[in-house]
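# Observations on the model geometry
Listed below are the residues making up each chain.
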Amino acid sequence: MIHVESLTKYYHDLCAVDQINFDIQKGEIVGLLGPNGAGKTTTLRMLTGFLRPTSGSIRVKDYDIDKYPLEIKKLIGYLPESAPLYHDMLVYDYLNYVADIRELDGGRKKSRIHQLADLCGINEIMHQPIGVCSKGYKQRVGLAHAMMNDPEILILDEPTAGLDPNQIAEIREIIRRIGKEKTIIISTHILSEAEAACNRVIIINQGKIVADGGIETLRQSAGGEYLINISLKNAGFEAAESELRSIDGINRVNKVVGEEGEEILHLRLTCRSSADLREEIYQRVKPTDWILLELHQETQSLEKVFQELTKES
Amino acid sequence: MRQVKHIFIKEFRSYFASPIAYIVISIFLLVTGWFFFTTFFLFSQAGLRNFFTLLPVIFPFVVPAITMRLFSEELNIGSYEILLTMPVTFTDVVLGKFLASVAFIAAMLIPTISYPVTISFLGQLDWGPVVGGYIGAVLLGAAFSAIGLFASSLTRNQIIAFIIGVAICFGLTLIDKMLFFLPRSLLGFFGYLGADFHFQNISKGVIDSRDILYFLSVSFIGLYGAHLVMQEKR
C-alpha cells in the first residue's frame, strides 16, 4: 500500500529524517513512535505531499508522489498536529467546503456530513465558528475532515495530544471503529496509545528507524530482563530464596515488603528473558509444603523498550 | 479547475464573515467620496476624471489590506498544511485566492456607481470614460491583488505582508512620477512600468491592448511569484 525507500529530509543543515525505509500493507494500523523532534511529523508531512523529500521515494498504491501528487492526496485523509482549522468558519460550512474540494456531489455530500457528524460526535457544534470550539471538538472536526471522502489511508498526527482522558478514549474508540477496513498511521509519543490502538509500531529516533514490528516482537527483541511475582504461604525467606536461586535463569530474588505480621511471603524474581520459567518454579515449589498463592509474569512494558531504544547514546 | 471555484467561493465568503471587509469598504468609500466631492463642484465638469485619478493612489493602501490575510493567516494558524494536503494544486490555490480578491475589489467598486449616476442628473455625462475607468480600476485592482498575494505568501505576519504589498504597489504608482531622476535613455522603460500611466490611458476611455497587457503581465508576475514561494516552502 505504502512503500517508502531511503526517505531523507534536510531543513538547511539539520537532518530531520535520515534514510528511512518501510512498507505498510493494506489494513495495518501503524503507530509511529518517537521522542519529540525525532522526525515523526516530518515523515508524515512527506507522506501527505506537504513537504518535498530531499531524497528518496514514496509510492502509494503504485503512484509515485513526484508524478501523481493529486492521486495520492485523493487516497489519503490527513489530520495534522493540533488540527489547525480556519477559525472564523462555521463547522458546517467548513465540512461543506472540504466535501466540495473532495468532489462529493450534492446528495452524497449532505448525507456524508451528517454521517460524520454522528460518528465524530460534533452534531451540537455544527453551527459554531471553529475558533470558539474546545480543543477536543476541534480535533473531532479535524477527524471528520480527514475522513470526508472515506479515504483508504488515514494519517493522524498526534490525534489525542492535549485532550482529557474521556476525549482520548472517545477518539481511540473512533479510530478503532474505522480501523477495521482502513490503513491507518498514527504518530504519537504516548506509548499506551500505540499499545491500545496499533498492531504494528515503528519507532523513530533522531530521524532513523530504530525498531519496526508488532508490539510483541518489539518486547522480545528489546532483550534484558523480565519479572515474575510470586506469593508463598508457610515459607521462610532464606529457604525460598536459596531454592529459587538454584533455578537457572533467575538472576535475583527480592522480598516485597508486605503488611506487618503477614505470613504470606511476596517475592519478586528477576529473570533473564531467554526462557519461560513459570513451569520450573512450580516444579520446585511442589515437593515442599509451601503453598503457591500467586504466580504472575510481568510483561515488559513498551515504555521500557522505548526508553532503551531512544536514549541518548 | 473545479477546485479554483471552490477555493474562490470559500475565500470570497470568508471576506464577508469577518469585519475586515466592511471596514475596508467603508474606509475606501469615505476617502474616495470625500476627496472626489470636495473638489467636484469647483471644476463644474460632469465627469469622473478626478475620481479615477485618485484610485492609483488609494488602491496601493486598500488592496494590500484586502490581500494580506490570504496566505499569511493560513501560514500563521497552520491551515496551510490542511489546504495543501487536500487534492488541490498550487495553481488552484493561487488562482482561487486571486479571483476572490479581484471579486472583492469589484464588489467594493459597485457602490461608487452611484457617483456617475448622481452626476448624470447634474449634467451631460460621457459614459465612455466611465466604463473605461471601471474596467481600468478592476485591472489595476487585479494587478495589485497579485502583488499583495505575493507579499502575503512571503510571511506569516499580516502586518508585514501589508507593508510589503503597499511598498511595491505604491512604488509602481509613483515610478513614472520619479522619471526626472533618471537618464534619458531609461525614461521609456521606466515610464512603461508605471501603473498610473497605463491606468490613466484606460480611464480616458481608450482601451489599448498595451495597457491591458501591462496589467495582465503584472498580475501574472505577482501570481507566479506567489507560486514560486509556495514551491520553495515545501
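All of the points below concern the structure found in this document. Keep in mind that what you see is a predicted model, and the values were worked out from it rather than measured.

### Side note on the overall build of chain B
Each helix and strand counted, chain B has eleven helices and zero strands in total. Ordered by position in the sequence, the α and β elements of chain B form the string α-α-α-α-α-α-α-α-α-α-α. Compactness check: chain B gives a C-alpha radius of gyration of 18 Å against a globular reference of 17 Å for 234 residues, within 12% of the reference. Sequence separation of 24 or more characterises 75% of the internal contacts of chain B that already satisfy a separation of 6 or more. On chain B, roughly 10600 Å² of surface is accessible, and the fraction owed to carbon and sulfur atoms is 73%. Taking the average place of the 14 positive charges on the side chains of chain B and the average place of its 11 negative ones, the gap between the two points comes to 2 Å.

### As for the packing of aromatic side chains
Centre-to-centre distance and the angle between the planes together describe a pair of aromatic rings. In the structure shown here, the tally under the stated rule is 27 aromatic pairs over all chains. Between B:Phe37 and B:Tyr115, the ring centres sit 5.3 Å apart and the planes meet at 85°, which makes this aromatic pair edge-to-face. Of the two residues, B:Phe37 sits in helix α2 (residues 19-43) while B:Tyr115 sits in helix α6 (residues 114-122), which places them 78 residues apart along the sequence. Owing to a relative accessible area of 27%, B:Phe37 belongs among the partly exposed residues under this scheme. Here B:Phe52 and B:Phe199 contribute two aromatic rings whose centre-to-centre distance is 6.5 Å and whose plane-to-plane angle is 65°, an arrangement assigned as edge-to-face. With B:Phe52 in helix α3 (residues 49-77) and B:Phe199 in helix α10 (residues 195-203), this pair connects stretches of sequence that are 147 residues apart. Judged by its relative accessible area of 2%, B:Phe52 is buried. Stacked on the ring of A:Tyr86, the Lys or Arg B:Lys10 has its end atom at 3.5 Å from the ring centre. The ring centre of A:Tyr97 lies 5.8 Å from the NZ or CZ of B:Lys10, which sits over that ring.

### Regarding the sheet that holds strand β6 (residues 76-79) of chain A
All names here are of chain A. In spatial order, the strands read β6-β7-β8-β3-β9-β10; together these six strands make up an open sheet with mixed pairing. A strand with exactly one partner marks an edge of an open sheet, and here the two such strands are β6 and β10 (208-213). Each strand of the sheet is rotated relative to its neighbour by a mean of 15°, with strand direction disregarded. Pairing of strand β3 (residues 29-33) with strand β8 (residues 183-188), which is carried by five bridges, proceeds in the parallel orientation. Of the residues in β8, the one forming a bridge with Val 30 is Ile 185. Here helix α5 (residues 135-146) sits on the sheet and contacts β6 and β7 (153-157); the angle it forms with β6, its principal contact strand, is near 165°.

### Quick notes on the pairing of strand β9 (residues 200-205) of chain A
All names here are of chain A. Burial runs high along β9: six of the six residues are buried. The two faces of β9 match: Arg 200, Ile 202 and Ile 204 on one face and Val 201, Ile 203 and Asn 205 on the other face are all buried. Of the pairings in the sheet, the one linking β3 to β9 comprises four bridges and is parallel in character. In the sheet register, Val 30 faces β9, and the bridge partner there is Arg 200. Alignment of β9 against β10, held across five bridges, turns out to be antiparallel. Within the sheet, the bridge partner assigned to Ile 202 lies in β10 and is Asp 212. Hairpin remark: β9 followed by β10, antiparallel, with two residues in the connecting loop; positive phi at Gln 206, about 45°.

### Quick look at the interface of chain A and chain B
At the interface, 27 residues of chain A touch 24 residues of chain B. Roughly 2600 Å² is buried in total at the junction of chain A and chain B, and carbon and sulfur atoms are behind 61% of that figure. Taken together, chain A and chain B are joined by three salt bridges. Those elements giving two or more residues to the side of chain A that touches chain B turn out to be α2 (69-75) and α3 (91-101) of chain A. A per-element tally of the side of chain A that touches chain B places α3(A) first, with six residues. Residues of the side of chain A that touches chain B, tallied by class, amount to 13 nonpolar, four polar and ten charged.

### Side note on the nonpolar core
Counting 140 residues, the largest nonpolar core has A:Tyr94, A:Leu95, A:Ile122 and B:Phe59 as the members making the most contacts within it. Top contributing element to this core by residue count: α3(B), with 13 residues. Excluding anything up to four places from it in sequence, B:Phe59 contacts B:Phe28, B:Pro64, B:Ile105, B:Met108, B:Leu109, B:Ala137, B:Leu140, B:Gly141 and B:Phe144. Formed by 18 residues, the second largest nonpolar core is a distinct cluster that contains A:Ala235, A:Ile250, A:Leu269 and A:Cys271.

### With respect to the side chain of A:Thr48
Looking at the element boundaries, A:Thr48 is found in the loop between α1 (40-47) and β4 (55-60). For A:Thr48, a relative accessible area of 3% puts it in the buried group. Setting aside chain neighbours within four positions, we find A:Thr48 in contact with A:Lys73, A:Ile76, A:Tyr78, A:Ile155 and B:Thr85.

### Quick word on α2(B)
Residues and elements named next belong to chain B. The first and last C-alpha atoms of α2 sit 37 Å apart over 25 residues, in line with the 36 Å expected at 1.5 Å per residue. The complete set of buried residues in α2 reads Ala 21, Val 24, Ile 25, Phe 28, Thr 32, Gly 33, Phe 36 and Phe 40. Taken from the residues just after α2, Ser 44 is the one with a positive phi, measuring 40°.

### Description of the sheet that holds strand β5 (residues 63-64) of chain A
Residues and elements named next belong to chain A. The sheet built from four strands is open, its strands ordered β2-β1-β4-β5 with antiparallel pairing. The open sheet has two free edges, formed respectively by β2 (14-24) and β5, since each of these has just one partner strand. Bridge count between strand β1 (residues 2-11) and β2: seven bridges; the pairing is antiparallel. Looking across to β2, one finds that His 3 is bridged to Asp 23. Sitting on the sheet, α1 touches β1, β2 and β4, and the angle it makes with β1 is about 120°.

### Some words on unusual backbone geometry
All names here are of chain A. In this model, Ser 6 sits at a positive phi of 35°, which is unusual for a non-glycine residue. One can find Ser 6 in strand β1. When its relative accessible area of 24% is taken as the criterion, Ser 6 is described as partly exposed.

### Description of the pattern of salt bridges
As enumerated under the stated definition, the model contains 22 salt bridges over all chains in all. Residues A:Arg284 and A:Glu280 are paired through a salt bridge, measuring 3.2 Å at the closest nitrogen-oxygen approach. Taken together, the positions of A:Arg284 and A:Glu280, both in helix α10 (residues 278-285) and four residues apart, correspond to about one turn of that helix. Residue A:Arg284 is classed as partly exposed on the basis of its relative accessible area of 23%. Among the charged side chains, a network of salt bridges with common partners joins B:Lys10, B:Glu11, B:Arg69, B:Glu73, B:Glu74 and B:Lys97.

Quick notes on the rules
Residues numbered from 1 in each chain as written. Chains lettered and ligands numbered in written order. Predicted model: local features only at pLDDT ≥ 70, side-chain atom pairs only at ≥ 80, totals over all residues. Heavy atoms only, no water. Helix = DSSP H or I, 4+ residues; strand = E, 2+ residues; numbered from the N terminus. Rg over C-alpha atoms; globule rule 2.2 N^0.38 Å. Contact = heavy atoms within 4.5 Å. Areas by Shrake-Rupley, 256 points an atom, 1.4 Å probe, with all protein chains shown as cover. Lys, Arg positive; Asp, Glu negative; His and termini not counted. Charge placed at Lys NZ, Arg CZ, Asp CG, Glu CD. Phe/Tyr/Trp six-rings, centres within 6.5 Å; stacked < 30°, edge-to-face > 60°. Buried < 20%, exposed > 50% of the residue type's maximum accessible area, 1.4 Å probe, protein only. Lys NZ or Arg CZ within 6 Å of the ring centre and 35° of its normal. Pairing = 2+ DSSP bridges. Axes fitted to C-alpha atoms, helices over the stretch in contact; angles between N-to-C directions. Buried area = accessible area lost by both parts, 1.4 Å probe. Salt bridge = Lys/Arg side-chain N within 4 Å of Asp/Glu carboxyl O. Nonpolar A, V, L, I, M, F, W, Y, C, P; charged D, E, K, R; others polar. Core = buried A, V, L, I, M, F, W, Y, C linked by side-chain atoms within 4.5 Å. Expected span 1.5 Å × (residues − 1).

That is the geometry; function is a separate question.
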